[in-house]
Amino acid sequence: MQLILDRRLRAGAPLPTEAELMGALGVSRNSVREALKALQALDIVEIRHGYGTYVGQASLTPLVDGLTFRTLAAQQGDDGGALALGDILQVREVLEEGLIRRVAGVLSDAELDRLEGVVTRMEEAGREGVPFPELDREFHELMYASLGNALVPQLLGAFWTVYRRVAGVQGWTDDPTPDVTVRRHRDIVVALRARDVEGAQRAMAVHFRGIEARAAQESRGVG
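What counts and what doesn't
Residues numbered from 1 in each chain as written. Predicted model: local features only at pLDDT ≥ 70, side-chain atom pairs only at ≥ 80, totals over all residues. Heavy atoms only, no water. Helix = DSSP H or I, 4+ residues; strand = E, 2+ residues; numbered from the N terminus. Buried < 20%, exposed > 50% of the residue type's maximum accessible area, 1.4 Å probe, protein only. Core = buried A, V, L, I, M, F, W, Y, C linked by side-chain atoms within 4.5 Å. Expected span 1.5 Å × (residues − 1).

(A) Region of the structure containing the environment of Gly129. Assignment of secondary structure puts Gly129 in the loop between α6 (109–127) and α7 (133–143). For Gly129, a relative accessible area of 62% translates into the label exposed. Once the C-alpha coordinates of Gly129 and Pro178 are considered, the two residues, 49 residues apart in sequence, prove to be 8.7 Å apart.

Here is the structure:
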């Protein structure tokens, strides 16, 4: 890892050969291979068999995989899975309630119009009986795009993916009342348009309370 940093190698850049790494680091071939395997698991390097080894994207995929496994493992425990999934949802809730305070006063009318457009598409999908989880994800990522923080959509996407994976494995159904989901998102946009920071934060909290309640119902087998 330090060699990658010292040489300022960017994602996609080729790494030195095994022989070159052995010489530069003063270690055996086996040590180099074990180190590369460990870094591959973290998405820090990408091993392309027959082509070489390259600097990876350092994505949050390992985090997503680990959280998914932890949550599913908790589902099989005696204490039930609601607490484990509740932990995931709580972290995302705290993150978003803090972030919405930052964007509430700075979102432009054009950005608010785009958010409203996503809500309208949610409403149309709901009327047609089509699930809209991707629109839900788009709404939340679009809301914070103006922050210019590349880590925010990655973290939100990670927690969203964990939730959807667990829901898929457990066979959980989509929200039986999509109109409620639409209304909660519209309430967020209304508060943002009014530059009502406290109102936007409350609307976000209500939205997450609904998700948490739904997760708790599903974990107990209540549809």
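There's plenty left to go through after this.
(B) Structural detail: the nonpolar core. In terms of nonpolar packing, the biggest core is built from 39 residues, with Ile100, Leu115, Phe139, Met143, Tyr144, Ile188 and Leu192 touching the most fellow members. Residue assignment for this core shows that the elements contributing at least two residues are α4 (61–75), α5 (82–103), α6, α7, α8 (151–170), α9 (178–193) and α10 (197–219). No other element matches the seven residues that α8 contributes to this core. Core analysis: the second largest hydrophobic core is formed by 11 residues, Ala13, Val32, Leu36 and Val55 among them.

(C) Representation of α8. Relative to the 28 Å expected for 20 residues at 1.5 Å per residue, α8 spans 29 Å between its end C-alpha atoms, a close match to the ideal helical length. Of all the residues in α8, the buried ones are Val152, Leu156, Gly157, Ala158, Phe159, Trp160, Val162, Tyr163, Val166 and Ala167. Count one or two residues on from α8 and you reach Gly171, which has phi positive near 75 degrees.

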